[in-house]
Amino acid sequence: MEPSIFNTLMRYFQAGGSPEEVIRLLSDNYTAVAQTVNLLAQWLIQTGVEPVQVQQTVENHLKTLLMKQFDPRKADSIFTEEGETPAWLEQMIAHPTWRDLVYQLTEAHPDCLMLNFTVKLISDAGYHGEITGMAAACQQLEVFSKVLCTSLATLLDGEDNLAENLPQFAKMVCHGEHTYLVAQVLMSVLAQEGQRGWAVRRIAQEVQHFAQERGRDASRISLALGTAASYPQLCQALGAMLSKGALNPADITVLFNLFTSVDPPPVELIRVPAFLGLFMDSLFKPGARINPDHKHKYIHILAYAVSVVETWKKDRRVSVNQDELKSTAKAVETVHSLCCAENKGASELVAELSALYKCIRFPVVAMGVLKWVDWSVSEPKYFQLQTHCTPVHLALLDQISTCHQLLHPQVLKLLVKLLETQHSQLDAMEQLELKKTLLDRMVHLLSQGYVLPVVTYIRTCLEKGDTDISLIRYFVTEVLDVIAPPYTSDFVQLFLPILENDSIAGTIKTEGEQHPVTEFIAHCQSNFMLVD
C-alpha cells in the first residue's frame, strides 16, 4: 500500500541497515487500518447486512475522505515522479464508483493536471457519455468533441425526454465561448445537411435560449452562422433587438421595408424563437404601448414570420406563398386591440368572445392569448374582482386546448401554477370554487388528448398529501364522466391507484353495479393484469 516502500528498503539495506530493525519498526508502527475495515465489514455481513450495502458504505465513506483530503499538487506530482500512467489509475477508472469520484474531484479542482488526464483516459475508455456537463470535458477539445457528439446523438434519439436531458447538455455547451461556438457550428452544419435538421435546429435554439437566460448574449453567433450575413441591414437590425431584448420602431421599420420588397430575405431569418417572443411582449402584454404609426409594421413582421411558406430547390427560392398573410395579420390586430385596450372589463370581453374564439384558431394568436391570460390572471386582485363562475380568461384556455395540441404543455403549466398559488384575498369557499374551476380546465385538457401528464400531476398531488382531498375526489368524478373504454395500460396504471385510495374510493363509491367507479374498476380487473 506504499508504492515507494521497495525503493526505500533497498536504500536502507545498501546503507547497512538491519532486517531485524525493519521488522521491529513495521511491527511497532503498523496500524492495519485497511485490515480493520475488512474485519468490520465481515462482521457486518455476518450480522445479516447485505454485502453490496456494506461495500457501498465503505466506498462512500472513502469517497468522502478523499474529497476532504485531496491535494491537487500531490496528485500532479505522481506523473512527474513516475513518468508514466500508474497501473492502478487504469484499474480505478474501470469502476463506476471511482469514475464518479474523479468527476466530483474534477469539478472541485478543474486545474489539476492529473484529474484532467484521468478524464481523458475515461473518455478514451468509452465512458464519454458520463462526462456531459463537466468542466473538465470542456477544457480539452478531443474530450469535448467526443462528449458533444455522444450527447447530441442521445438528445436526438430521445426527443420525448428532451426537456429532461437538455439542461445538462446546454450547461456543457455554454461553459465558455469556445465550447458554445464549436457546438453551434456543428449543429448549424447538421441542421443544413442532416436528415433531421429540424430537430438539430430546435436543440441549437434551446441552447441559445439557455445562454440568454443566464445573461449571455449569443445572438450574433447564431446570426453569423446562418445566411443573415448576406443581408447586412437585416443582420444589424435583428442583432440589435435581440441584444437589447426589446423591439424598437427604427429596427422594425428596416425589417418591414425588407419584407415588403419585391425580393424579400428568406423568412427563416426572422423565425427565431427569441425574436418572436419579443412580439408577444409588445403585442399581447396588458398595457403594452406601441406607436400607432408603426403598429401595422410590428403586426406585418410577426404575421409574415409565422404564415409565409417558401419553396426551395437546390439553394434557390422558387416561390413565396403569402396566401395566409393578410388573414393572420388581421387576427393578430383584432386580438391585440382587445388584449391591450385599457379599462376593458370582463363584460366587454364576453361580448367579444366569438371574435376571440375565431382568432385563436391561428397558432400565433393562440400563443399570444395564452401569454396574455397568464399575465392577466397573475395580477394579485384578478380573481377577487371576477363575478363569473368561470372567468373569461380561463374559458379562453379551453379554446386554446381544443385548437392547438402543441400548446397543451404550456396550458397545463399555467393551470398548475394557478392551482398551487395561495389566493389569500379570497375566503376559503371562494378558493375551493376557484380550484374546482381550474380542475375543470384540466379535465377539458385531458379530454383533448393530454391525458397522462394531467393524471400524473393529480396522482402526484395525492401522494404528496398537500391538496384538499375533496378536490381530488371532484377531479376523479369529472374524469369518470368523460371517459369510456378502451383504456391504455399506462392510463390504468396511473388512474386506478387514485380511485382505489381509501380517502377517494370510500367517499365517492356507491352501491350498485352501474356506478362509474364500480364499472371502471370492474373493467380494469377483467381487462388488465394489475400489479400491487
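Refer to the structure printed above.
Model, not experiment: these values are computed from the prediction.

Trainee: Before we go on, may I ask you to explain the overall build of the protein in this structure?
Mentor: What the protein contains, in helices and strands, is 29 helices and two strands. Computed over the C-alpha atoms, the radius of gyration of the protein is 32 Å, more than 25% above the 24 Å expected from 2.2 N^0.38 for a compact globule of 532 residues. Each principal axis of the C-alpha atoms in the protein carries an extent, and together these give about 105 × 75 × 45 Å. For the protein, the residues scored as buried account for 41% of the 532 residues in total. Considering only contacts in the protein between residues 6 or more positions apart, those separated by 24 or more positions represent 62%. Total accessible area on the protein is roughly 30300 Å²; 54% of this is exposed by carbon and sulfur atoms.

Trainee: What is the right way to look at the pattern of salt bridges in this model?
Mentor: If charged atoms from side chains of opposite charge come close, those side chains can pair. In the structure shown here, the tally under the stated rule is 11 salt bridges. Of the charged contacts, one joins D28 and R24 as a salt bridge, the two residues approaching to 3.1 Å between their closest N and O atoms. Here D28 and its partner R24 are both found in helix α2 (residues 19-29), four residues apart, which amounts to about one turn of the helix. What makes D28 exposed here is its relative accessible area of 52%. Among the ionic pairs, E463 bridges to R459, the shortest N-O distance being 3.0 Å. Of the two residues, E463 and R459 are both situated in helix α25 (residues 451-464); the distance of four residues between them amounts to about one turn of the helix. Owing to a relative accessible area of 57%, E463 belongs among the exposed residues under this scheme.

Trainee: What exactly am I supposed to notice about the pairing of strand β1 (residues 309-313) here?
Mentor: Moving residue by residue along a regular strand, the side chains alternate between the two faces of the sheet. Relative to strand β2 (residues 316-321), β1 runs antiparallel, the two sharing five bridges. Looking at the pairing, V309 lines up with N321 of β2. Counting the residues in the hairpin turn of β1 and β2 gives two residues, including K314, whose phi is positive at 50°.

Trainee: Would you mind going over the packing of helix α27 (residues 489-500) against helix α29 (residues 516-527) with me for this structure?
Mentor: Any two packed helices are characterised by how steeply their axes cross, that is the angle between the axes, and by the distance between the axes. Running from amino to carboxyl end, α27 crosses α29 at an angle of 135°, the nearest separation of the two axes being 11 Å. On the basis of the axis angle, α27 is oblique to α29. At the point where α27 passes α29, the crossing takes the left-handed sense. Counted together, F491, V492, F495, L496 and L499 of α27 and V517, F520, I521 and C524 of α29 form the full contact between these two elements. Counted by class, the contact of α27 with α29 contains nine nonpolar, no polar and no charged residues.

Trainee: Would you explain the side chain of H294 in this entry?
Mentor: For H294, the position within the fold is in the loop between α16 (273-284) and α17 (295-307). Not counting residues within four places of it along the chain, the set of residues in contact with H294 comprises P249 and T253.

What counts, and at which threshold
- Residues numbered from 1 in each chain as written.
- Predicted model: local features only at pLDDT ≥ 70, side-chain atom pairs only at ≥ 80, totals over all residues.
- Heavy atoms only, no water.
- Helix = DSSP H or I, 4+ residues; strand = E, 2+ residues; numbered from the N terminus.
- Rg over C-alpha atoms; globule rule 2.2 N^0.38 Å.
- Buried < 20%, exposed > 50% of the residue type's maximum accessible area, 1.4 Å probe, protein only.
- Contact = heavy atoms within 4.5 Å.
- Areas by Shrake-Rupley, 256 points an atom, 1.4 Å probe, with all protein chains shown as cover.
- Salt bridge = Lys/Arg side-chain N within 4 Å of Asp/Glu carboxyl O.
- Pairing = 2+ DSSP bridges.
- Axes fitted to C-alpha atoms, helices over the stretch in contact; angles between N-to-C directions.
- Parallel < 35°, antiparallel > 145°, perpendicular 65-115°, else oblique.
- Left-handed = near helix turned anticlockwise from the far one by under 90°.
- Nonpolar A, V, L, I, M, F, W, Y, C, P; charged D, E, K, R; others polar.

Taken by themselves, the reported measurements are silent on function.
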